[in-house]
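# Commentary on secondary and tertiary structure
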Amino acid sequence: MLDLKKGEIVGKRQFGKNTAKVQKTYSQLFEEFMNQLKIKGRAEQTLKSYKHHSKYFMDFLKKDINCDEITLSTLNDYIIYIKEVKNITNGTTINSYLRNISPVLKYGIKKGYILEEFEMPVVKYQETFKEIYTVNELNDLLNKPSKRDFVTLRTWTIIWTFASTGIRARELRELRVKNVDLLNRTIIVNQTKNKKARILPISSSFLEVLEEYLSVRNGEGEDYLFCSVFNECLAMSSLQKAVKNYCNERGIEKTSLHLFRHTFITNAVNKNVSPLILQRITGHSTMKELSRYYNAKTIDMVDVIDEIAPCSNKKENYFKKNKNK
């Protein structure tokens, strides 16, 4: 027994340096975390998002502290800072701030730089329905414009692409002319959020729009499908501005690019499209993510409630009876 104890003491003396926790500051942790993401080939936009939100967290910390000083209390104080100093009260926005530093902190906990293990706090808030594009609004946007200049025709085709495929804006910007196969009515999306290429089907109506646009676009295979007037990749700001102007000219106040994705998914669900097929088209990695884009408000609940709610034994409703007179 004494020999075992002695061996334990000797072992600690010999290997104590190797088992000691490595101390790192938050900025060192963040640099190591980002290097790991670069090795894994994460998208540049994802890296920018982490940098952006990590800067906010560093502003809150005011100085580069050691990771072992970061606790759940630190995160709670950060939430108060966002609300009171940054004057941000929207629950969705606050949670996005937390969500974008969460992987960094979890990495720090896993590596042993952050000593206290904790779950990231989540701000609870009252959810509201997202008003998607109505049928009338879509019709107004999809009708062929009277103007025939390139920018107008390009924006019209872009809106058709959003509305017909539910594609993400960043994926749309990366499309090349060669990705469109008019013969087989498909669009190949190679640059995706989750790094998994997918194929988008082209409807008959959308096919006619693409044929007209491509005859005007007249680009080579490697050229961007939706290019700038200088035949370069269309900047996100230019894309947003073009769609905003196009919508406003038609008296439509909704101008969100991502709202087309919500609209496409909701309309597909309402038409009983298989969730598996819809997931393949939209490129969502999980069904849970896909369900977040579904706006149940657009279903007319009155049409289905009689089929699922208890029925009365009465022969005829009094108001219904008098209404028919």
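Below: a short report on this structure. (Residues numbered from 1 in each chain as written. Predicted model: local features only at pLDDT ≥ 70, side-chain atom pairs only at ≥ 80, totals over all residues. Heavy atoms only, no water.)

## Topic: the overall build of the protein chain
Applied cut-off: Here a strand is any run of E in DSSP of at least two residues, a helix any run of H or I of at least four, and the numbering for each starts at the N terminus. Burial classes follow relative accessibility: with a 1.4 Å probe on protein chains only, a residue under 20% of its type's maximum area counts as buried, one over 50% as exposed, and anything between as partly exposed. In this analysis, two residues are considered to be in contact whenever any of their non-hydrogen atoms come within 4.5 Å of each other. Each accessible area is a Shrake-Rupley result for a 1.4 Å probe, and residues are judged covered by the shown protein chains and nothing else.
When helices and strands are counted, the protein chain shows 16 helices and three strands. Out of the 325 residues belonging to the protein chain, those deemed buried represent 38%. Residue pairs in contact within the protein chain that sit at least 24 positions apart in sequence constitute 63% of those at least 6 positions apart. Total accessible area on the protein chain stands at roughly 21,100 Å², and carbon and sulfur atoms take up 51% of it.

## Points about unusual backbone geometry
Of note, Lys-62 is a non-glycine position whose phi angle comes to about 75°, a positive value. Here Lys-62 shows up in the loop between helix H3 (44-61) and helix H4 (72-84). In this structure, Asn-87 takes a positive phi of about 60° despite not being glycine. Counting through the fold element by element, Asn-87 comes out in the loop between H4 and helix H5 (91-99). For Asn-87, a relative accessible area of 64% corresponds to the exposed category.

## A look at the packing of helix H12 (residues 258-270) against helix H13 (residues 275-282)
The criterion, for reference: Between N-to-C directions, angles cover 0 to 180 degrees, with each direction set by a line fitted to C-alpha atoms, over the stretch in contact for helices. Between 65 and 115 degrees an angle is taken as roughly perpendicular, under 35 as roughly parallel, over 145 as roughly antiparallel, and anywhere else as oblique. Throughout, a crossing is termed right-handed when the near helix is turned clockwise from the far one, and left-handed when it is turned anticlockwise from it by less than a right angle. Under the scheme applied, nonpolar residues are Ala, Val, Leu, Ile, Met, Phe, Trp, Tyr, Cys and Pro; charged residues are Asp, Glu, Lys and Arg; polar residues are all the others, including Gly.
Between H12 and H13, the shortest axis-to-axis distance is 11 Å and the interhelical angle comes to 160°. Judged by the angle between their axes, H12 and H13 are roughly antiparallel. Crossing geometry of H12 relative to H13 is assigned as right-handed. Where H12 approaches H13, its residues Arg-261, Phe-264, Ile-265, Ala-268 and Val-269 are matched on the opposing element by Leu-278, Ile-281 and Thr-282. Residue composition of the contact of H12 with H13, grouped by class: six nonpolar, one polar and one charged.

## A short note on a positive patch on the surface
Filter applied, for reference: Residues form patches when they are more than 30% accessible in relative terms and have no salt bridge. Like charges link within 9 Å. Nonpolar side chains (Val, Leu, Ile, Met, Phe, Trp, Tyr) link within 5 Å. A pairing counts as a salt bridge when a side-chain nitrogen of Lys or Arg comes within 4 Å of a carboxyl oxygen of Asp or Glu. As used throughout, the charge tally considers Lys and Arg to be positive and Asp and Glu to be negative, leaving His and the chain termini uncounted. Each charge is placed at NZ for Lys, CZ for Arg, CG for Asp and CD for Glu.
On the surface, Lys-40, Arg-42, Lys-110, Lys-111 and Lys-195 cluster together into a positively charged patch. In this structure, Lys-111 sits in helix H6 (residues 102-111).

## Here we look at the packing of helix H2 (residues 26-40) against H3
At a closest axis distance of 12 Å, the pairing of H2 and H3 adopts a crossing angle of 175°. Here H2 is positioned roughly antiparallel relative to H3, judged by the angle of their axes. Each of Tyr-26, Phe-30, Phe-33, Met-34, Leu-37 and Lys-38 in H2 lies in contact with H3, whose residues at this interface are Leu-47, Tyr-50, Lys-51, Ser-54, Phe-57, Met-58 and Leu-61.

## Some words on the environment of Glu-220
Here Glu-220 lies in the loop between helix H10 (204-217) and helix H11 (236-249). On the basis of relative accessibility, which here comes to 58%, the residue Glu-220 falls in the exposed class. For the pair formed by Glu-220 and Arg-176, sequence separation is 44 residues and the distance between their alpha carbons is 8.8 Å.

## Here we look at the pairing of strand E2 (residues 186-189)
What counts is decided by this rule: Strand pairing requires that DSSP identify at least two bridges connecting the strands.
Sheet analysis places strand E1 (residues 180-181) next to E2, joined by two bridges and oriented antiparallel. Looking at E2, one finds that Asp-181 is bridged to Thr-186. Between E1 and E2, which pair antiparallel in sequence order, lie four residues; one of them, Arg-185, sits at a positive phi of approximately 55°.

## A closer look at the sheet that holds E2
Remark on secondary structure: sheet strands pair via backbone hydrogen bonds, oriented parallel or antiparallel. With respect to topology, three strands assemble into an open sheet ordered E1-E2-E3, the strand pairing being antiparallel. Taken across any chain shown, the strands that pair with only one partner, and hence form the sheet edges, are E1 and strand E3 (198-201).

## Examining the pattern of salt bridges
What the rule picks out here adds up to ten salt bridges. The salt bridge involving Lys-254 is made with Glu-137; its shortest N-O contact spans 3.0 Å. Of this pair, Lys-254 sits in the loop between H11 and H12 while Glu-137 is found in helix H7 (residues 135-142), placing the two residues 117 residues apart along the sequence. Each member of the pair, Lys-254 as well as Glu-137, is classed as buried. Notably, a salt bridge pairs Glu-212 with Lys-144, separated by 3.2 Å at the nearest N-O pair. Of this pair, Glu-212 sits in helix H10 while Lys-144 sits in the loop between H7 and helix H8 (150-165), and the two are 68 residues apart along the sequence.

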